[in-house]
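Given next are the chains, with one letter for each unit.
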Amino acid sequence: SGVFRSDFLYKFDMDPTAMDDLIENLDRDLTFAIEVEGGKKMENIENYEEKKQEIIAQLLVLRAAPKREENPAIYHLDVAAMYPNIILTNRLQPPAMVTPQTCASCDFYHQDMQCRREMEWKWRGEAFPAQRSEINQITGQIKADSESFEAHPEDIRKRVKSYCQTVYKRTHDTKTELRTAYICQRENSFYIDTVKSFRDRRYEYKGLTKMWSGKLKEAEKEENAGAAKDAKSFVVLYESLQLAHKCILNSFYGYVMRRGARWFSMEMAGVVTHKGGDIIRVARKLVERIGIPLELDTDGIWCCLPQSFPDGIEFKLKGEKKPFVVSYPCSMLNAQTHHDCINPQYHTLVNEEKQEYTVHSECSILFELDGPYKAMILPASQEEGKMLKKRYAVFNFDGSLAELKGFELKRRGELQLIKVFQERVFKRFLDGENLEECYQSVADVANHWLDVLDNKGVDLEDEELVALISESSNMSKTMEEYEGRKSMAITTAKRIAEFLGADMIANKGLNCTYIVSRTPEGAPVTERAIPVEIFKADKETQEALLRKWCNSSSMIDTSLDVRTILDWQYYKDRLGKAIQKIVTIPAAMQLVKNPVERVPHPDWLLRQVRERLDPMKQKNIAQFFATTEKPADMAMDMEGTMPRNVPASATVVRHKGFGKKGRQVIAEVVTQPLPPLEEGTKVIKLGREMEAEGTTMYSDFDNWHAYMKVLWSNQGVERKKRRLEDNDPAGDGSLRKMRKTGGGPGGLTGFFQSV
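Residues numbered from 1 in each chain as written. Predicted model: local features only at pLDDT ≥ 70, side-chain atom pairs only at ≥ 80, totals over all residues. Heavy atoms only, no water.

**Q** Please give an account of the packing of aromatic side chains that cites residues and values.
**A** This structure, assessed with the given rule, holds 17 aromatic pairs. Measuring from ring centre to ring centre gives 6.1 Å for Phe190 and Trp263, while their planes differ by 75°; the resulting arrangement is edge-to-face. Of this pair, Phe190 sits in helix α8 (residues 190-222) while Trp263 sits in the loop between α9 (225-256) and α10 (266-290), and the two are 73 residues apart along the sequence. Taking the relative accessible area as the measure of exposure, Trp263 reaches 28% and is therefore partly exposed. Ring pairs connect the aromatic residues Phe190, Tyr191, Phe198, Phe252 and Trp263, which therefore count as one cluster. We note Arg186 situated over the ring of Phe108; from NZ or CZ to the ring centre the distance is 4.1 Å. Lying across the ring of Phe198, Arg201 places its NZ or CZ 5.6 Å from the centre. (Phe/Tyr/Trp six-rings, centres within 6.5 Å; stacked < 30°, edge-to-face > 60°. Helix = DSSP H or I, 4+ residues; strand = E, 2+ residues; numbered from the N terminus. Buried < 20%, exposed > 50% of the residue type's maximum accessible area, 1.4 Å probe, protein only. Lys NZ or Arg CZ within 6 Å of the ring centre and 35° of its normal.)

**Q** Before we move on, could you go through unusual backbone geometry and cite the residues and values that matter?
**A** In this model, Thr519 is joined to Pro520 through a cis peptide bond whose omega is 0°. Its place among the elements puts Pro520 in the loop between β19 (510-516) and β20 (529-531). Of note, the phi angle at Ala81 is positive, near 45°, even though the residue is not glycine. Summarising the element assignment, Ala81 is placed in the loop between β4 (72-79) and α4 (82-89). On the accessibility criterion, Ala81 (13% relative accessible area) is buried. A positive phi is found at Gln355, a non-glycine position, where the angle reads about 55°.

**Q** Tell me about the packing of helix α1 (residues 16-24) against α10, and name the residues and values.
**A** Packed helix pairs are characterised by how far apart their axes lie and by the angle those axes make with each other. Direction vectors running N to C along α1 and α10 enclose 120°, while the axes themselves pass 8 Å from each other. Read as a crossing pair, α1 and α10 show a hand that is left-handed. For the pair α1 and α10, contact is made by Thr17, Ala18, Met19, Asp21 and Leu22 and by Leu286, Arg289 and Ile290, respectively. Of the residues assigned to the contact of α1 with α10, the class counts are 5 nonpolar, 1 polar and 2 charged. (Axes fitted to C-alpha atoms, helices over the stretch in contact; angles between N-to-C directions. Left-handed = near helix turned anticlockwise from the far one by under 90°. Contact = heavy atoms within 4.5 Å. Nonpolar A, V, L, I, M, F, W, Y, C, P; charged D, E, K, R; others polar.)

This is the structure:
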């Protein structure tokens, strides 16, 4: 969280090995960008080697100084139509989700078939922590207590839930399993053909939107009002069409997750989300090694890269004046994604009568790069260890707001005071020459609205004050459906009925606009909501109802003033929380002094700041050592042999049994490679020598196995000998003799021997 601007200096801690990996894959990445993304031919590139060496030089500079402080470039890397393209790439369809039994009965089934694609997905379920025996005992108790000696499933569920809460201190355990789904690549392509047509049409509308946006800019430069008006109309039209197609495309994925739907398939939905998560995780790992990830989205990632990182490579094409521009950060992700997600089993029907298919590779999952941007503002959570998702503000270099997501400013019914504060504070993040000056400018806006609440809106008219501090909520149901519930909107609706009549709340859809009163003191805030319509009534009605609702007969003596009714502390707390999220907590995270001292930091934040600024803080041991791969474990079966069908690996089974809180963990099976036997080794068993010259487990398994049995036997004898010698302090072999006779002089065997 915090403020990230392209004109401020930030510290980058990059991984030098990441630069080595990028240099190693540079040819792959650039070739993919030119041939696959750009549709050009490598032989038409005139300055490929020159640009390649420039990129290598830039990466070597970054590798030489991985810890640096420089201006960032703020990018948004997102996958274009992620879920539809995952569906199209892997030919995912609800009727195409099959089982091995289904494939076995298929006419196309054979040992080397390629029409069944296997993909992983994660299944998650909830179960009671109680064991089966406990549930059976509870079921028996319910049957014994009932007159008909029957146990209803709902009664069993309620009793088991209560039992688990009492005994296990929780009502359910969440279990996650990695499963494999099987996708038929020969299934009728109606579903994917429909998805593809909507996707291509959306791409067409996006291209037209971009084209007319360019024409709009040209018309504005030429000051042609008529052309600008026409271009703006087409921009609105095509932008609306592409958004409509985007909603329809997303519904193709959402529909298969809806229980009861005609094409419901949880397996397909799980495969889509699991593959999408893998793509974003790979992108995040790469960004963490070369920059700063700011915000993760479902289909993209916001990040800061050093401005010295290569980007915007211009390749000269033979016979063309305009260069071909490649965005290197986007191309390196696309090449890796194409390598990880390509489907080499894609089947296309070419002859329906003979059922002939062509098989080719398919991958339409590609990243798009937006940016760079001038600034990005990320709010912080008020709770320790939590992050606010999908909340950020992004600004272009001209100062315009490029994107705003998740803030109260875009929501209906929120407190108007918070909306006005956010509307005026965001642009202040572009002020200042450094972080301290930026936060000080933002603090001026926060202090202004705190002053408005401190002086109780003395400079505002009553109507302006009510509009500023009022909230609204729509009643989506009738009052009878809200029976037994409590909320500010319900209290407001009841008081509107009392004021304007019961007919006002007879139907659903009532808009309730209210303020919060400070009385009755000690009452919950849900019972202190007052409808703003009361302030439009005549004086007698106002006094009568306000005295009743506020439970005070002396509150209004001579004049009716909304300032005497309001709970000012409630509004200060609401504004203070908004200031903490946007201003004070992000400032502390970036080690800037609290710019709004009237809004104190929470205790956990003060502790974190002290720990980060502590000069005597002990460093983590991981900073001094690098992680390496663990050596492969040697493992055999009980007889010391290995399966002949897997000669180059051994299976290690670690039985985990039952873990914490009674959760059963399935045995983990790990396959690890075995090193070959060294040549020229001799071992002796009972005075006999065995030659192992030129024998390995790969070349001659029988001779290798005979040799290993001798070796293991000798090793066992040596271990036993060393163990006995280590436990014999006298050194005369008395302990060994004692163990051979079965006991010492004081034992039963020693007693009979002495006799």
